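# A closer look at the structure
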Amino acid sequence: MPNRPGRLGSLLESFLPWLGLPVVPLLAVAVLRRSATTSAALLLPVAAWAYAFGGLLLPAPEPGARDLVVVQHNVSDVNPDPAGTARVLAAAGPDLVALEELVPAALPTYERALAREFPFHEVRGTVGLWSKYPLSGTRTVDIRPRGITEGWSRGLRSVVHSPHGDVAAYVAHLPSVRVGARGLASARRDESAGLLAGAVAAEEVERVILLGDLNGTVDDRGLAPLTSRLNVSARGFALSFPTSFPLARIDQVMARSATVGRTRTLPATGSDHLPVTARVTLDRAAGARGISPPPPA
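Residues numbered from 1 in each chain as written. Predicted model: local features only at pLDDT ≥ 70, side-chain atom pairs only at ≥ 80, totals over all residues. Heavy atoms only, no water.

Here six strands make up an open sheet; going across it, the order is β3-β4-β2-β1-β13-β12 and the pairing mixed. Looking at strand neighbours, the two that pair on one side only are β3 (120–124) and β12 (258–265), the edges of this open sheet. For this sheet the average axis-to-axis angle between neighbouring strands, irrespective of direction, equals 15°. As judged from the six bridges shared by strand β1 (residues 67–74) and strand β13 (residues 276–282), these two strands associate in the antiparallel manner. (Pairing = 2+ DSSP bridges. Helix = DSSP H or I, 4+ residues; strand = E, 2+ residues; numbered from the N terminus. Axes fitted to C-alpha atoms, helices over the stretch in contact; angles between N-to-C directions.)

Written out as structure tokens, the structure is:
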């Protein structure tokens, strides 16, 4: 579908898996009426849906020796229970936790609640990364679209010195999108995705993990600058937004020189997003050269 007018293509792609839903009642009617012709005709959309999304329903691969468990969560700037949110995230047993919409009033609570399990952390603006392993080279990633003049810092990059080698971890929160009479307003989100993709493309560390609220699904062409460069999960729908009735996964885990395993959601917190978690298997060959020693604790 063309993306003009109103970025209708992106809008449709945001809810692409749901297009298979109307086939279910039609198939039931065909079976009840014992209509061979109708049943055969419905096999085409069923096969198309299975080809596009059936793999997400397959079992997850067995855990590997080079896995990192990661958690991604937009904690919401109006979350009434930061401490409870931190407990839910830590209970998943991750190696890395990425948070967005960190506000100054809640940040000390997250720092205290996560300090025992994650002794290393970095925060830039409203995004943060907590890690079981030492971090170094942390810097702000400028993904601010043109036209935003106020203080706006939603991207960071840090090198994780994991037991399996160095990994450049990116945490990002792309601008929100809106659906209105003119269609999908996603120009700022798309511009920010392009800036983030440029930073990832220039990354010198071979292994990369991107965690963030990208305000788009992996099927949305607005995120193509990222999905064309990074691997995405081939297992699990993990619909993360909104919490009350999740319709889409806009909280993403992507990687380079690594494989993103099954993505699943965690129990609801005080946020309007559900947390998502995934196992990321680092490629054996990548990062075998030039691994720097971890900095002193």
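The next point concerns the packing of aromatic side chains. Two descriptors summarise a pair of aromatic rings, namely the distance from one centre to the other and the angle between the planes of the rings. Tallied over the full model, the rule gives three aromatic pairs. Judged by centre distance (5.8 Å) and plane angle (50°), the rings of Trp49 and Phe53 are tilted. You can see Trp49 and its partner Phe53 sitting in helix α3 (residues 36–53), four residues apart, about one turn around the helix. Here Trp49 falls in the partly exposed class, since its relative accessible area comes to 26%. Cluster of aromatic residues (ring-pair linked, three or more members): Trp49, Phe53 and Phe237. (Phe/Tyr/Trp six-rings, centres within 6.5 Å; stacked < 30°, edge-to-face > 60°. Buried < 20%, exposed > 50% of the residue type's maximum accessible area, 1.4 Å probe, protein only.)

Further remarks concern the packing of helix α2 (residues 23–33) against α3. Two elements in contact, α2 and α3, have axes separated by 9 Å at closest approach and are oriented at 155°. Here α2 is positioned roughly antiparallel relative to α3, judged by the angle of their axes. Viewed along their axes, α2 and α3 form a crossing whose handedness is left-handed. Contacts between α2 and α3 involve Val23, Leu26, Leu27, Ala30 and Val31 on the former and, on the latter, Thr38, Ser39, Leu42, Pro45 and Val46. Partitioning the contact of α2 with α3 into residue classes produces eight nonpolar, two polar and no charged. (Parallel < 35°, antiparallel > 145°, perpendicular 65-115°, else oblique. Left-handed = near helix turned anticlockwise from the far one by under 90°. Contact = heavy atoms within 4.5 Å. Nonpolar A, V, L, I, M, F, W, Y, C, P; charged D, E, K, R; others polar.)

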